[in-house]
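The primary structure of each chain is shown beneath.
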Amino acid sequence: MGRAWIVIVLCACGGGGKATANEPAPIENKQVEQAPAPAPQEETPVMVMQRFTRDMCACAPGDAECAKRVSEEMTKWSQKMASQDKKPTKITEEEQEQFTKIGMQMGECMTRAMTPPP
């Protein structure tokens, strides 16, 4: 009912005419369209291993507990991936090179974290 009164009042007052110099332009009710949120990017195995390597390399020298925690997280992830009923992903030569570099770096960081300080 309140809307009907507003419409009647606007029509009676000439609420559709052009604005004059003394009158502000009427406010239009335009909805601003928002872009849809981007779909979350699924981590590739290379991205996951890079993340585990960063975590391992963030462990302080001699912090075996940190290295163990990262190793356990990596084991859980790999078990989860193995349990999924997917066809094995074919790895390109470039990805194999990336995995090799990542593995070498992770091994160095793990050794540093697992070695007790002198």
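Above this text you will find the structure in question.
As a starting point, this report considers the structure included with it. Keep in mind that this is a model prediction, so the values were computed, not measured. Per chain, the residues get numbers from 1 upward, laid out in the order the sequence is written. Confidence filtering applies because this is a predicted model: local features only for residues at pLDDT of at least 70, side-chain atom pairs given and counted only at 80 or more, and all residues used for totals across whole chains, interfaces and linings. No hydrogens and no water enter the side-chain calculation; it runs on all heavy atoms of the structure.

Thoughts on the overall build of the protein chain
Part 1 of the reasoning: For helices the rule is a DSSP run of H or I covering at least 4 residues; for strands it is a run of E covering at least 2, with both sets numbered from the N terminus onward. Helix and strand counts for the protein chain stand at four helices and zero strands.
Part 2 of the reasoning: Ordered by position from the N terminus, the helices and strands of the protein chain form the series α-α-α-α.
Part 3 of the reasoning: We call a residue buried when its accessible area falls under 20% of the maximum for its residue type, exposed when it is over 50%, and partly exposed in between, using a 1.4 Å probe and counting protein chains only. The buried share of the protein chain, reckoned over its 118 residues, is 13%.
Part 4 of the reasoning: Just so you have it, the protein chain exposes about 10,400 Å², and 58% of that area is on carbon and sulfur atoms. To be clear on the numbers: accessible area is Shrake-Rupley with a 1.4 Å probe, and residue cover counts the displayed protein chains and nothing else.

What about the state of the cysteines?
Part 1 of the reasoning: Disulfide assignment relies on a single distance test, namely cysteine sulfur atoms paired within 2.5 Å. Throughout the structure, instances matching the rule amount to two disulfides.
Part 2 of the reasoning: What pairs with C57 in a disulfide is C109, and their sulfur atoms sit 1.9 Å apart. Across the S-S bond of C57 and C109 the torsion is about 85 degrees, and the bridge reads as right-handed. Separated by 52 residues along the polypeptide, C57 in helix α2 (residues 45-57) and C109 in helix α4 (residues 93-114) bring together distant segments of the chain.
Part 3 of the reasoning: Through a disulfide, C59 is tied to C66; the S-S separation comes to 2.0 Å. The chirality of the disulfide connecting C59 with C66 is left-handed, given an S-S dihedral of about -75 degrees.
Part 4 of the reasoning: A residue is classified by how much of its surface remains accessible, and C59, at 2% relative accessible area, is buried.
Part 5 of the reasoning: For the protein chain, numbering the cysteines in disulfides from first to last along the sequence yields the connectivity 1-4, 2-3.

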